[in-house]
Amino acid sequence: MTLPMITAPRRRIGRRDFDFDNRVAVMAIVNRTKDSFYDAGRTFELQPAVDAALAAAAAGADIVDIGGVPFSPDAREVSEAEEIELIGPFIEEVTRLSDVAVSVDTFRSGVARAAIAAGAAIINDTSGLHDPGIAPLAAETGATLILTHSRAEPRKHLRRPHYSDVVGEIVAFLVERVERATAAGVGMEQLVVDPGPDLNKNTLHTLEICRRFAEFTRLGPPTLAALSNKDFIGETLDRPKGERLAGTLATTTWCIERGARVVRAHDVARAVEAVRMTEALLGLREPAYLRHNLD
C-alpha cells in the first residue's frame, strides 16, 4: 500500500523542506504551562523548554509545537500578554539555535502574529478558526495553518458531546474551514487538517476517528494525527498518562498507514523510530543499512 496523493506535497516550512508524499513529519510537543496535560510544568521555565525543543530536534523531530495555554478549561486562565511572553522568547531562542520548524499552538491571532514575528512558521489553531483574524494572518504572512475540528469555544467545556456520524460531521466541518481559509487568501499549499481526536469527543468517538482516518486524508491537505498519550488510549487500555506509549505508537502507525502526514509526539525518539519503520513498510524509506544474510 502507498499513501494517497495530497495537495502540494512538497513544501518549504520555515527553513526546512517537507515532502508529504514520501515522508511523515514528527511534531514534538513542548508546553510552557504550569498545568499542562502531560508534563505538569516540567518545561514551564524558558531554559528547560528550549532544552526540550533542541533535544527533540536532535532526536529527529521535524517540527516543535509550543503551547502557552492549556486546552483544558479547568486549567488557570492565561492572558494574551502572558501567552506572548511565554512563547515569544522561546521561539526566538529555538530558531536561533536550530532550523527545526516551530509551530505555535494558539487560538488567538494576536499571539500568532507575535509568534510569527519571533520566527514561528506554523499556526496550530485547535479552535478551528474561532478567531476571525487567524486565516487572514496566515494569508498575509504565508504561515502554514493547521485547521482542527473542535466544537466548543476555546477553553469551554462541551459536556457529553453527541454526533450522529462523528467522522462525517468532522469531514464537513473541515471542508467548511478549508473553504473559509482559502476565501481569506490562504493557499491550499499552506493548509494542514486535524480531526481533533479527544477534543470535544469521547473515547468511542475518537476510536471511530482512528478507524476511518483515511476519510480525512482524502480532503487534500496533509492530515495531522494528534494522538500522543490522550485519554482515549488510557481508557481503552486502562493506563495512566505515563504508561500510554505502546498505545500511542500503535495508534500512530495505524493512522500513518491510512494517510497521516504529521504526528504529534511527547516521546520523540520512540515516535521517530515508529514513523521510520512504518515508512519502510510502506516502501517510502530504505533501511539505514543492509547486512543480514548479505555477507
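Presented here is a report on the structure given in the accompanying data block. Note that the coordinates shown come from a computational prediction; the quantities given were computed from them, not determined experimentally.

The next point concerns the pattern of salt bridges. A full pass over the atoms with the stated rule returns 20 salt bridges. Note that Arg258 and Glu257 form a salt bridge whose closest N and O atoms lie 2.7 Å from each other. Its relative accessible area of 26% is what places Glu257 among the partly exposed residues.

We now examine the packing of aromatic side chains. Overall, the coordinates contain two aromatic pairs when judged by the stated rule. In this structure, Arg151 packs its charged tip against the face of Tyr163, placed 4.6 Å from the ring centre. In this arrangement the basic side chain of Arg258 is found over the ring face of Trp254, its NZ or CZ atom lying 3.4 Å from the centre.

Next up on the list: the environment of Pro154. Here Pro154 is to be found in the loop between β7 (144–148) and α5 (166–183). The class for Pro154 is buried, based on a relative accessible area of 17%. Once the C-alpha coordinates of Pro154 and Phe107 are considered, the two residues, 47 residues apart in sequence, prove to be 7.2 Å apart. Setting aside chain neighbours within four positions, we find Pro154 in contact with Phe107, Ser127 and His130.

Interhelical geometry of helix α9 (residues 245–257) versus helix α10 (residues 268–281) gives an angle of 35° and a closest axis separation of 10 Å. Every pair of crossing elements has a handedness; the one defined by α9 and α10 is right-handed. Residues Leu245, Leu249, Thr253 and Ile256 of α9 lie in contact with α10, whose contacting residues are Arg270, Ala271, Ala274, Val275 and Thr278. Looking at the contact of α9 with α10, its residues break down into six nonpolar, two polar and one charged.

Here we take up helix α4 (residues 134–141). Of the positions making up α4, those classed as buried are Ile134, Ala135, Leu137 and Ala138. Along the axis of α4, the buried residues cluster in a sector spanning 160°; they form a single face. On its buried face, α4 sits against α3 (109–118), β6 (122–125), β7 and α5. Gly142 sits one or two residues past α4 and shows a positive phi near 80°.

Moving on, we come to the nonpolar core. Membership of the largest hydrophobic core comes to 65 residues, with the highest contact counts inside it found for Val26, Phe90, Ile91, Ile123, Leu145 and Phe216. Counting residues in hydrophobic clusters, the runner-up holds 15 residues, among them Ile6, Ile13, Val192 and Leu224.

Glancing now at the side chain of Glu279. Assignment of secondary structure puts Glu279 in helix α10. At a separation of 2.7 Å, a polar atom in the side chain of Glu279 contacts the main-chain amide nitrogen of Val24. Filtering out sequence-adjacent residues up to four positions away, Glu279 remains in contact with Asn22, Arg23, Val24, Leu284 and Arg285.

Take α9 next. If you check α9, its first and last C-alpha atoms are 18 Å apart, about what 13 residues at 1.5 Å a residue would give, namely 18 Å. When α9 is considered as a whole, its buried residues turn out to be Gly247, Thr248, Thr251, Thr252, Cys255 and Ile256. When α9 is viewed along its axis, its buried side chains cluster within an angular range of 165° and face the same direction. Where α9 is buried, its residues meet α6 (203–211), β9 (224–225), α8 (231–237), β10 (262–265) and α10. Once α9 ends, the next one or two residues include Gly259, with phi positive near 115°.

Quick notes on the rules
Every chain's residues receive numbers from 1 upward, in the order its sequence appears when written. Local features in this predicted model are restricted to residues of pLDDT 70 or higher, and side-chain atom pairs are both shown and tallied only at a pLDDT of 80 or more, whereas totals for entire chains, interfaces and linings draw on every residue. For side-chain calculations, the full set of non-hydrogen atoms in the structure is used, while hydrogens and water are omitted. The term salt bridge refers to a pairing of a side-chain nitrogen on Lys or Arg with a carboxyl oxygen on Asp or Glu at a separation within 4 Å. Three labels apply to residues, based on accessible area from a 1.4 Å probe with only protein chains included: buried if under 20% of the type maximum, exposed if over 50%, partly exposed otherwise in between. Working definition: a ring pair exists when centres of Phe, Tyr or Trp rings (six-membered ring for Trp) sit within 6.5 Å. Plane angles under 30 degrees give stacked, over 60 give edge-to-face, the rest tilted. Distance and angle both matter: a charge sits over a ring if NZ of Lys or CZ of Arg is within 6 Å of the ring centre and within 35 degrees of the ring normal. Runs of E in the DSSP output that reach at least two residues are strands. Runs of H or I that reach at least four are helices, and both are numbered from the N terminus. Contacts are assigned to residue pairs with any non-hydrogen atoms lying within 4.5 Å of each other. Axis angles are defined between N-to-C directions and span 0 to 180 degrees, where every axis is a line fitted to C-alpha atoms and, for a helix, only to the segment in contact. Crossings are sorted by hand: turned counterclockwise from the far helix by less than a right angle, the near helix makes the crossing left-handed, and turned clockwise it makes it right-handed. Classes in brief: Ala, Val, Leu, Ile, Met, Phe, Trp, Tyr, Cys and Pro nonpolar; Asp, Glu, Lys and Arg charged; the others, Gly included, polar. Note: the arc covers the axis-to-C-beta directions of the helix. The term nonpolar core refers to a set of buried residues drawn from Ala, Val, Leu, Ile, Met, Phe, Trp, Tyr and Cys, joined through side-chain atoms within 4.5 Å. For this analysis, a polar contact is any N or O atom pair within 3.5 Å, provided that within protein one partner can donate a hydrogen and the other can accept it, and provided that sequence-adjacent residues contribute only side-chain to side-chain pairs. What a helix is expected to span follows from its residue count: subtract one and scale by 1.5 Å.

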